[in-house]
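Fold and geometry: a report
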Amino acid sequence: MASSVKFPTPALNQIFNAGGSNCSVTPGSLQLRGGSIFPVRYLAPISAGANCDRSCTGSLRNGSFRRSNGQPSARPRRKTGDPKLKKAAVAKEFSGSLQPLSGATANVQDRRQEVPSEGSTVNDAISHEDRLGTETFASVRDVQSGTIEQVLVIGGDAEPGNVEQVLHVEAGSTGAGQKHVDETSRSTLTVADVEEKKEEIDDEKSGDELSWAEVEPLLAEETSKERAVREQEEKRAQEEMRRSQILKLAVKHSYLKNKIFYYPNPALATEELEIFINRRITALIGQPKIFITGAFNDWRWKPFTTELTKTSLPGDPGDWWACKIHVPKEAYKVDFIFYDGLSIYENNDQTDFFIMVDGGMSKVEFEYFLLEEKAEEARRRKEDQAKKERIAAEERELAERKAGEEADRAQAKAIVNDEREMARSSLLKAVERVDGLWFIEPSKFGGGESVTLFYNRASGPLSQSKEVWIHGGYNNWKEVVSVVQELSFQNSNGGDWWAAKVKVPEKAYMLNWVFADGPPETARLYDNNDYRDFHGVVTNTLAEDAYWGQFEEEVYEKLQKERQARREEAERKASMPLEIVLIMLFSGEDVTVYYNPSNTVLNGKPDVYMRGSFNRWTHFLGCFEPIKMVKAENGTHLEATVKIPKDAYVMDFVFSERGDDRGGIYDNRNGLDYHVPVKGGLLSQPPLDIIHIAVEMAPIAKVGGLGDVVTSLARAVQESGHNTEIILPKYDCLNYKYIQDLQEVQAFHFGGSKVRVWNGKVEGLTVHFLEPENGCNEQPFPVHRMFWAGCIYGRRDDGARFGFFCHSALEFLRQSGKHVDIIHCHDWSSAPVAWLFNEGYRLNNMHDSRIVFSIHNLEFGAPLIGRAMANAHMATTVSPTYAAEVAGNGVIAPHLHKFHGIRNGIDPEIWDPYTDPFIPVAYTTESVTEGKRAAKEELRRRLGLRQDDRPMLGIITRLTAQKGIALIKHGIYRTLERGGQVVLLGSAPDPRVQNEFVNLSNQLNQSHGDMARLCLSYDEPLSHLIYAGSDFILIPSIFEPCGLTQLTAMRYGAIPVVRKTGGLNDTVFDVDHDKERARAQGLAVNGFSFEAPDAAGLDYALNRAISAWYEARDWFQDLCKQVMQQDWTWNRPALDYIELYYGAKKKPSTPSKTGTAAHPD
């Protein structure tokens, strides 16, 4: 027998009960015999209905209903009136019987036991369905006629998991007496009512097409109203439940005398949280107002403040006040306290209140979330800053170009005026001929013409020469030597006359020349008219203003090209990576560390463990667990793999023999640990704040190398991203032209003196100048006797003056409240900073500061240096070899665990042959031969030395015993013996030594007047020309802490000849003996050296150097290029100092000495 399915509305019965064949019901659809799917989106209890013998032959196609044969019903049509009313009637039939499917399934399972049992009436089932509301529910029960037979969920939004059974309606029993409750009217419909209604709709429908799309919006409108009613009822029920639960909690916590409770428990992220406080038992008792202030996640996220209100809980025995806060999705914890809005706080006995949160981020997730937030903010700031800097750079470039053009034009005019004046002066002295010596034919000539120059060999120093050559130029040697030509013997004139035909340059107004016994490469003897050279006048040129105007344009264009070339070279250098090779790690990746213990303190240990952390041992995750290293595939190394967190900017690690807390013996790089930069992390390394306290600073207060180091080191560290400032006495002898924006900013009183503080900029560095007015308590000074003394050193009260300066510098830092990570003091003159800090300043606002002390020369102030060594956190000297040489000194030996040697560097902007204004021709490694040749000729011309092809030895030094005075003298004579020339620049602080060299200078002027010059006072421009014009630089020091001379020499392509001591040994690698040592440092050989401090030792090095120049000129020129390519700037030393600064900043628990068992923090 066909199945009988009674649907709850006439509309559905009209569609589906057209016949009695099978139809299957699945969640979300009804499958009809014809294969059509009808999406059912509504829920209704369905029961077996009255007898129905029609086959289910209806179908739903294209959104409208027709009978299966496509024809209207045969039943007579009734008058139906307005079709819209019919559609509304159908919609009402749907809405009155179907419920929208919504709601979760959670409560269904809990309330399943409430399903009406067997024997319940239809009205009971309907009542139960009312109570369940719109919950998804399905059940099948076999019951007797007149009771519930089936209750079914049919819903388009339902999932298979939301129904208990998929009901296939097949042949089954029939029932009678079914009733159905209309949800809107609550009226009871009998089967007869439904049948009548169905027939009525069938009749009205016949012949018309009723689209589902037309019915559905009306139906949805009706069901949304019902949904709103149900949601409101649910909210009321939930609120009643909430108040009931809160009352129970209030009673409970009042009884337990707890100050607070919260609801719900657990607190959930993204939900509201109610916090209650019992005013009666807190510090806020009796206060009319109560506020809560707090934040999330240990007070680090979204702070809040809100006022609480008095609760009205019936039967509440406490005095509960409450507020609601929204818990953000990022929360794992709520932190808060209460206060009265003024000054009375309830903070849980100073421990604050907190509530843990479920469903939000974990603590680690939040840490990374914060990092990403900070990184994004930093990225935005960086982009904004880059945009501002780009605009400022463009504006600055335009201004600089305009200023450069104006400066070059002014310089061109000045050069032309000087040249024109010099031409007039030279032409006044010039003659057309010197009888018996030289003459020109024709005597009157102009530019572009050819002339014949005659010279009487017998009348000068070339009388015995087999050859006579002219080395000529024009316009005061404008292009140096531009004419080189051999003269031929002339019999026609009688005597010993020689002649050469010479082409006069087009733009010449004067010819300049000397005679020699050969070309420039081989000439040994010259006739240079007693150092005045020879000059010939080019007629009809000087009076032409057009010539000088054209000359000015040429000079201007040359200056512009040079300026552009310097700009391009600066851009090229800025875009080039450092020559330092750094291993770079990447955040978020695994890294494998390979370690060879064979040359360390862990050699031979059975086990080796790697210990480490990130971000200078400050990462919030702390140290990772010690990792036991295993043998790598190559067999010589051990390896361990570590995951790098996303917020890492540097990886820190050490090695130990044990994996427990004791650790045993450590390899920690002599207390500095191992550090490798990490790229791509969410965080950037925060900069250090570094203060140098010194009594010298180049170029404003320079006596020796100390001033250079202070300025250059501070600049290099600042360029690495850290903040560096300098504190310096305000001397009256400061070179004020190098100080920008000097102004008095404050004053403070200390030691009975008013100390005025001035700020200025020097070489891009902030400098604080201290100027005491009244002297100091220990030894009173008039103001002009403190630092207004006309000198830096040399007074009998230097110790007292500098001691007062050191104390006032620390007092300035204390009173200004400046944050300082590192206080770096230098040599004996600022050594008191170290112990004064420990005695009076380390416990105040500078408790995080650390002292670094540098020894530049142990020869002076050893007792002060020893005391500073004992009080400094880290100590350095200016080269590794010098550190080893002085390690046994009594003031150093007790502190070797914190003593390090770091070589000095030079400033590449000050010492750069490509931009040097003091040399005639700019040059690089590619043009070193030409550039040095021009510089040598200019040096000879300026000092009156012979212009021929000879090696040039330069000596630039202070004339003291340390510098090897006897060896300097020996080197001068040895070079002259080998046919070389010598230029010395320097002076002696000892008058006796100064007089020795004055006498030596006079002797050399008599015996080697055109081969040697001693310039016995310091001349900065001349020093640049000597570096550029010399083939060798001699530095025969008895001891040398570091030395900058050899580094500057190599920068200019001059080869150093040095004694192997101190920093000279660390920077100069002998071409014959140090190839392996240089290779170990990643360098190439670069000079000549000797060990014994005697004449024989010096001869060994100097002879090899001069012979190489004579006998292997191409190799020697390649060596000049090679040394120019080496990096002796502050790039690498600055990184070493930064590592040392971080070493000083480490927490005490970080391992600080090799061989100790301290655990890394």
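Under the annotation held in an unreviewed UniProt entry, the chain carries the name starch synthase and is attributed to Marchantia polymorpha subsp. ruderalis. Taken from UniProt, the Catalytic activity (unreviewed entry) comment for the chain reads in full: "[(1->4)-alpha-D-glucosyl](n) + ADP-alpha-D-glucose = [(1->4)-alpha-D-glucosyl](n+1) + ADP + H(+)".

1. So, the overall build of the chain
Regarding its fold elements, the chain presents 25 helices and 55 strands. Per-residue burial for the chain yields a buried fraction of 50% across its 1161 residues. Within the chain, counting contacts between residues at least 6 apart in sequence, those at least 24 apart form 70% of the total. In the structure as shown, the chain presents an accessible area of about 55,200 Å², 50% of it carried by carbon and sulfur atoms.

2. Considerations on unusual backbone geometry
Note the cis peptide between Asn-265 and Pro-266, where omega equals 10 degrees. As for its position among the elements, Pro-266 is in the loop between strand E12 (260-263) and strand E13 (267-268). Here the amide bond leading from Ala-698 into Pro-699 is cis, since omega sits at 0 degrees, within 30 degrees of zero. Examined against the element boundaries, Pro-699 turns out to sit in the loop between strand E41 (689-693) and helix H9 (705-719). Phi at Asn-297 is positive, roughly 60 degrees, even though this residue is not glycine. Positionally, Asn-297 belongs in the loop between strand E15 (291-296) and strand E16 (301-307). Of note in this structure, Asn-348 is not a glycine but carries a positive phi near 60 degrees. Structurally, Asn-348 is set in the loop between strand E20 (345-346) and strand E21 (353-358). The class of Asn-348 is partly exposed, set by a relative accessible area of 26%.

3. Let's talk about helix H11 (residues 798-816)
With 19 residues, H11 should reach 27 Å at 1.5 Å per residue; the first-to-last C-alpha distance of 27 Å fits that figure. All of the buried residues along H11 are Asp-798, Arg-801, Phe-802, Phe-804, Phe-805, Cys-806, Ser-808, Ala-809, Leu-810, Glu-811, Phe-812 and Leu-813. Note on H11: the residue one or two positions beyond its end, Gly-817, has a positive phi of about 70 degrees.

4. Thoughts on a nonpolar patch on the surface
On the surface, a cluster of nonpolar side chains totalling about 250 Å² of accessible area is made up of Val-364, Phe-620 and Leu-621. Secondary-structure assignment places Leu-621 in the loop between strand E34 (609-614) and strand E35 (624-628). Under the relative-accessibility criterion, Leu-621 is labelled partly exposed at 47%.

5. Structural notes on the pattern of salt bridges
The full count for this structure, using the stated rule, is 57 salt bridges. The shortest N-O distance in the salt bridge between Glu-397 and Arg-401 comes to 3.0 Å. In this pair, Glu-397 and Arg-401 are both assigned in helix H7 (residues 363-429), 4 residues apart and thus about one turn of the helix distant. Taking the relative accessible area as the measure of exposure, Arg-401 reaches 33% and is therefore partly exposed. A salt bridge links Asp-797 to Arg-795; its shortest N-O distance comes to 3.1 Å.

6. Observations concerning the sheet that holds strand E18 (residues 320-326)
Read from one edge to the other, the open sheet built from 4 strands follows the order E12-E14-E18-E17, with strand pairing classed as antiparallel. Here the strands that pair on one side only, and so sit at the sheet edges, are E12 and strand E17 (309-310). Relative to strand E14 (residues 272-278), E12 is paired through 4 bridges, and the arrangement is antiparallel. In the sheet register, Phe-261 faces E14, and the bridge partner there is Phe-276.

7. Considering the sheet that holds strand E33 (residues 590-595)
The sheet built from 3 strands is open, its strands ordered E33-E37-E36 with antiparallel pairing. At either end of the open sheet lies a strand with only one pairing partner, and these are E33 and strand E36 (630-631). Across 6 bridges, the pairing between E33 and strand E37 (residues 638-643) is antiparallel. In the sheet register, Tyr-594 faces E37, and the bridge partner there is Glu-639.

8. What to know about the pairing of strand E47 (residues 850-855)
Burial analysis of E47 places 6 of its 6 residues in the buried class, the great majority of the element. Neither face of E47 is open: one carries Arg-850, Val-852 and Ser-854, the other Ile-851, Phe-853 and Ile-855, and all of them are buried. As judged from the 5 bridges shared by strand E46 (residues 822-826) and E47, these two strands associate in the parallel manner. Note that in E47 the partner of Ile-823 across the bridge is Ile-851. Both E47 and strand E48 (residues 874-877) contribute to a ladder of 4 bridges, which runs parallel. Across the sheet, residue Phe-853 finds its bridge partner in E48, namely Ala-875. On the question of chirality, the crossover connecting E47 to the parallel E48 by way of helix H14 (residues 862-871) is right-handed.

Here is what the cut-offs are and how they apply
- Residues numbered from 1 in each chain as written.
- Predicted model: local features only at pLDDT ≥ 70, side-chain atom pairs only at ≥ 80, totals over all residues.
- Heavy atoms only, no water.
- UniProt positions renumbered as here; feature names shortened; annotations may be inferred.
- Helix = DSSP H or I, 4+ residues; strand = E, 2+ residues; numbered from the N terminus.
- Buried < 20%, exposed > 50% of the residue type's maximum accessible area, 1.4 Å probe, protein only.
- Contact = heavy atoms within 4.5 Å.
- Areas by Shrake-Rupley, 256 points an atom, 1.4 Å probe, with all protein chains shown as cover.
- Expected span 1.5 Å × (residues − 1).
- Patch = residues over 30% accessible without salt bridge, like charges linked within 9 Å, V, L, I, M, F, W, Y side chains within 5 Å.
- Salt bridge = Lys/Arg side-chain N within 4 Å of Asp/Glu carboxyl O.
- Pairing = 2+ DSSP bridges.
- Right-handed = clockwise from strand over helix to strand, strands pointing away.

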